[in-house]
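Structural description and commentary
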Amino acid sequence: MRDTKNTTGQEEIFSRIIFESNKADSILDLIRKNIRLVIDFFGLSGGAIYFLEDSSANLFINFDLSATFIKDFTTINSSSVIFKDVFEDKECSVFYRKKKGADPLLAKNKEYGALVAVPIFYHRRVIGCYIVAGKHHEKFSKKDLDLMLLAGKEIGSFLEQIISDLSIKKEKQNFKSFFDSMNDLVFVLDENLNILEVNHFASRRLFYARAQILRKHIFHFFLEEEVPRLEEYLSSGGTELGPFFSYLKEKDGDKVSIEFSIVKGTWNDKDAFFFIAKDISKAKEVESRLEEREVIHTSLMSNISNYVVICSNKGVVRYVNKSAERMFKYKDFRFGKRNILDFVIGNSKTIKESLLSGSLPDQELRIRDRDGEAYDVIVSGSAIDYDKERAILLIMTDITKRKIAEDIACQRTSELENSQKALINVLEDIKEEKDKVLALAQDLEKFRLAVENTSDHIVITDSDGILLYANKGAEEMTGFSVEEIIGKKCGGKDTWGGMMPASFYEGLWNTIKKERKSFRGEI
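Just so it is clear, the model here is predicted, and its values are computed rather than measured. (Residues numbered from 1 in each chain as written. Predicted model: local features only at pLDDT ≥ 70, side-chain atom pairs only at ≥ 80, totals over all residues. Heavy atoms only, no water.)

1. Here's the deal with unusual backbone geometry
Test applied: Numbering goes from the N terminus for both helices and strands, where a helix is a DSSP run of H or I of at least four residues and a strand is a run of E of at least two.
The phi dihedral of L193 is positive, around 70°, even though this residue is not glycine. Within the secondary structure, L193 sits in the loop between β7 (185-189) and β8 (195-198). Even without being a glycine, F207 presents a positive backbone phi close to 65°.

2. Examining a negative patch on the surface
Applied cut-off: Patches were defined on residues exceeding 30% relative accessible area and lacking a salt bridge, with like-charge contacts within 9 Å and nonpolar side-chain contacts (Val, Leu, Ile, Met, Phe, Trp, Tyr) within 5 Å. Here the accessible surface of atoms and residues is derived via Shrake-Rupley with a 1.4 Å probe, and residues count as covered only by protein chains that are part of the display. Salt bridges are defined as contacts in which a side-chain nitrogen from Lys or Arg sits within 4 Å of a carboxyl oxygen from Asp or Glu. Only four residue types enter the tally: Lys and Arg on the positive side, Asp and Glu on the negative side; His and the chain ends are excluded. Charged side chains are reduced to one point each, which is NZ for Lys, CZ for Arg, CG for Asp and CD for Glu. A 1.4 Å probe rolled over the protein chains alone gives each residue an accessible area, and that area as a share of the maximum for its type sets the label: buried under 20%, exposed over 50%, partly exposed in between.
On the surface, E287, E291, E292 and E294 cluster together into a patch of negative charge. Mapped onto the elements, E294 comes out in helix α10 (residues 281-303). Assessed through its relative accessible area of 52%, E294 is described here as exposed.

3. Here's the deal with the sheet that holds β8
In sheet architecture, strand pairing relies on hydrogen bonds along the backbone and comes in two forms, parallel and antiparallel. Just so we agree on the cut-off: By definition, two strands form a pair when at least two bridges between them are found by DSSP. Here, axes are lines fitted to C-alpha atoms. For helices the fit covers the stretch in contact, and angles between N-to-C directions go from 0 to 180 degrees. Contacts: residue pairs with any heavy atoms within 4.5 Å of one another.
Read across the sheet, five strands follow the order β8-β7-β11-β10-β9 without closing on themselves; strand pairing throughout is antiparallel. Unpaired on one side and paired on the other, β8 and β9 (240-249) mark the two borders of the sheet. Here the average twist between neighbouring strands, direction ignored, is 30°. In this sheet, strand β11 (residues 270-279) lies alongside strand β10 (residues 255-267) in antiparallel orientation, the contact comprising ten bridges. Residue pairing for β11: S261 is matched across the bridge by I276. Helix-sheet contacts for helix α9 (residues 227-235) involve β9 and β10, and the interaxial angle to β9 is about 165°.

4. Some details on the sheet that holds strand β3 (residues 75-77)
Read across the sheet, six strands follow the order β3-β2-β1-β6-β5-β4 without closing on themselves; strand pairing throughout is antiparallel. The sheet is open, and its two edges are formed by β3 and β4 (93-96), each paired on a single side. Averaged over all pairs of adjacent strands, the angle between strand axes in this sheet comes to 25°, irrespective of strand direction.

5. Observations concerning the environment of D464
Following the sequence through the fold, D464 ends up in the loop between β17 (459-461) and β18 (467-470). The exposure class of D464 is partly exposed, given its relative accessible area of 43%. Taking C-alpha positions, D464 is 8.1 Å from K489, a pair spaced 25 residues apart along the chain. Setting aside its immediate chain neighbours within four residues, D464 contacts K489 and K513.

6. Looking at helix α16 (residues 502-514)
We apply this condition: For a helix, the expected span equals 1.5 Å multiplied by the residue count minus one. As used here, the arc belongs to the directions running from the helix axis to the C-beta atoms.
A rise of 1.5 Å per residue sets the reference length of α16, with its 13 residues, at 18 Å; its end C-alpha atoms lie 17 Å apart and thus fit the reference within 8%. Along α16, the residues that are buried comprise F504, L508 and T511. Burial along α16 is one-sided: seen end-on, the buried residues are contained in an arc of 75°. Along α16, the residues that are exposed and aim more than 90 degrees away from the buried face are A502, S503, E506 and K514. R516 lies just past α16 and shows a positive phi near 55°.

7. Things to note about the packing of aromatic side chains
Which entries qualify depends on this criterion: In summary, the pairing rule links any two rings of Phe, Tyr or Trp, Trp by its six-membered ring, whose centres are within 6.5 Å, and it sorts them by plane angle into stacked for under 30 degrees, edge-to-face for over 60 and tilted for everything else. A ring is considered to have a charge above it if a Lys NZ or an Arg CZ atom is located within 6 Å of its centre and within 35 degrees of its normal.
Inspection of every chain in the model, using the stated rule, returns 14 aromatic pairs. Taken together, a centroid distance of 4.9 Å and an interplanar angle of 90° make the contact between F41 and F42 edge-to-face. Each member of the pair, F41 as well as F42, is classed as buried. Cluster of aromatic residues (ring-pair linked, three or more members): F187, Y208, F221, F222, F244, F260 and F275. One Lys or Arg, K489, reaches over the ring of W509 and ends 5.5 Å from the middle of that ring.

8. Here's the deal with helix α4 (residues 81-88)
All buried positions along α4 are accounted for by I82, F83, V86 and F87. For α4, the buried positions fall inside an angular range of 95° around the axis, keeping them on one side. The first or second residue beyond α4 is K90, which carries a positive phi of 60°.

9. A word on empty space enclosed by the protein
Over the atoms a probe the size of a water molecule is rolled, and this reveals where empty space is left. Condition: Put simply, the grid is 1 Å and covers the protein atoms alone, a cavity is a trapped set of points that fit a 1.4 Å probe, a pocket is an open set with protein on both sides within 12 Å along at least five of seven lines, and lining residues have an atom within 4 Å of a point. Grid points are joined across faces, edges and corners, and a volume is the space filled by probe spheres set on the points. The classification used treats Ala, Val, Leu, Ile, Met, Phe, Trp, Tyr, Cys and Pro as nonpolar, Asp, Glu, Lys and Arg as charged, and all other residues, Gly among them, as polar.
Under the criterion given, the structure shown has one cavity of 30 Å³ or more. Lining the largest cavity are L189, L193, I218, F219, F222, L230, L234, I262 and F275. Tallied by class, the residues present in the lining of the largest cavity amount to nine nonpolar, no polar and no charged.

10. Section: a nonpolar patch on the surface
Residues L423, V426, L427 and I430 make up a contiguous nonpolar surface patch of roughly 360 Å² in combined accessible area. Relative to the assigned elements, V426 resides in helix α13 (residues 400-453). Look at V426 and you get partly exposed, because its relative accessible area is 40%.

11. Here we look at the pairing of strand β16 (residues 389-398)
Pairing between strand β12 (residues 307-311) and β16: five bridges, direction antiparallel. Residue pairing for β16: Y307 is matched across the bridge by M396. Of the pairings in the sheet, the one linking strand β15 (residues 374-386) to β16 comprises ten bridges and is antiparallel in character. The residue of β16 that forms the bridge with D385 is R390. Joining the antiparallel neighbours β15 and β16 is a turn of two residues, in which D387 adopts a positive phi near 55°.

12. Details of the nonpolar core
The condition that has to hold: In this description, a nonpolar core means a group of buried Ala, Val, Leu, Ile, Met, Phe, Trp, Tyr and Cys residues linked to one another through side-chain atoms lying within 4.5 Å.
Formed by 50 residues in total, the largest nonpolar core has its most connected members in Y50, Y130, F140 and M148. When residues in this core are grouped by element, the largest group, eight residues, is from strand β5 (residues 114-122). In this structure, M148 is in contact with V38, F42, L44, V116, V118, Y130, V132 and F140, ignoring residues within four places of it in sequence.

Laid out in structure tokens, this is it:
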């Protein structure tokens, strides 16, 4: 029971709280000591601390209150008078067991005659309460309650430190989790560039255990030829350096391509450097492959026989390969100053529309070179990205020789067709002549038969009167055989001639040879 004659003021209780806090081993110990201080100061039997959770307050620490009492007070819910006074009105709540309207929990408990519930504040918000109880029906003055309330605020400030420490600890845990989950190689260095900490990714990537990395100089993990360059970087000063490209070495000596930065900061309240490196080995490998492919692609583009032209969708030339340069006869093809449409012979509307649409299906065109010489080409085009701009890739296949060959083939085909027609006509003429000859032969045969079988004297001579033919009638009439007279002069002395005057013969030959008329006469 507290001695009211020795009542102390607020100054005394503050000095005792400060004194007790100086002797406390921890914040939690400080809270215990201050609750014990209130219990002893007012001569009470014991106390307890409760923290608010949702709509109830749950026991945190018990200071010598009976197990039966604590069992009933394990949770103070919203239906309790204590809950309303403390958590809603934010004031001390005093209960006497024998007083009318006493809290039911206190009324059924015979151990304690008086109870005080005091709010605990955190940033002006009630986060819990502490309860002190005595066996006697102690009367508490307003000054007593103010001191108890003051102790509740002090405990709240101590809790604030605990929460702050917990927050810092949680932040450190979160940072550590973040630190270890990073997919970059992270090293924490002291002022001498010795490694204080390393994340999991860095140790795994370099194939070292964490203990094998700590306390080593960062240069230990760089290629020797890179160290002078690193020293130069670090000598430039500044709170943030980089990014730089370099190489780390794995445990087995293989190199790892990195892009790194160095940032100045603090680690465990001391100045430190954060070395953050991004593993770009795969990116470098991909880049190297792309460069190789680009070299191959450029070589192919430059050396293929097709004419390759890259132009804007308005036709402005951006690139031509060697074959196109030779064809156009421009050694220095000044990109951006010539338009591919200027080289198209005839109506360029179709290709212009195709260029604007970004697609050019295969089609035949006639293009000209610098001197105006024409070429036949098949051109196809498609949209590409070139030098960070939308462009059209045109691939032209020279078909000039093929067109010439086709023209020659067409000409020869035409000539053959004409020859064929002429031959057909000749054959038709030959057939017609043949038919005529056959008809004539048939007629001659009939004539021969008629001449041969007539009894008349019939002979045939040439223009000089030499006998070429004589029928049987001549043979019978003259008595000369055909064999005897053939080749001799008709009407000569060697045949049957000489019996008529010379004028007769002259008139005969003059009529048939010179006048080409028929001669009639008697011999």
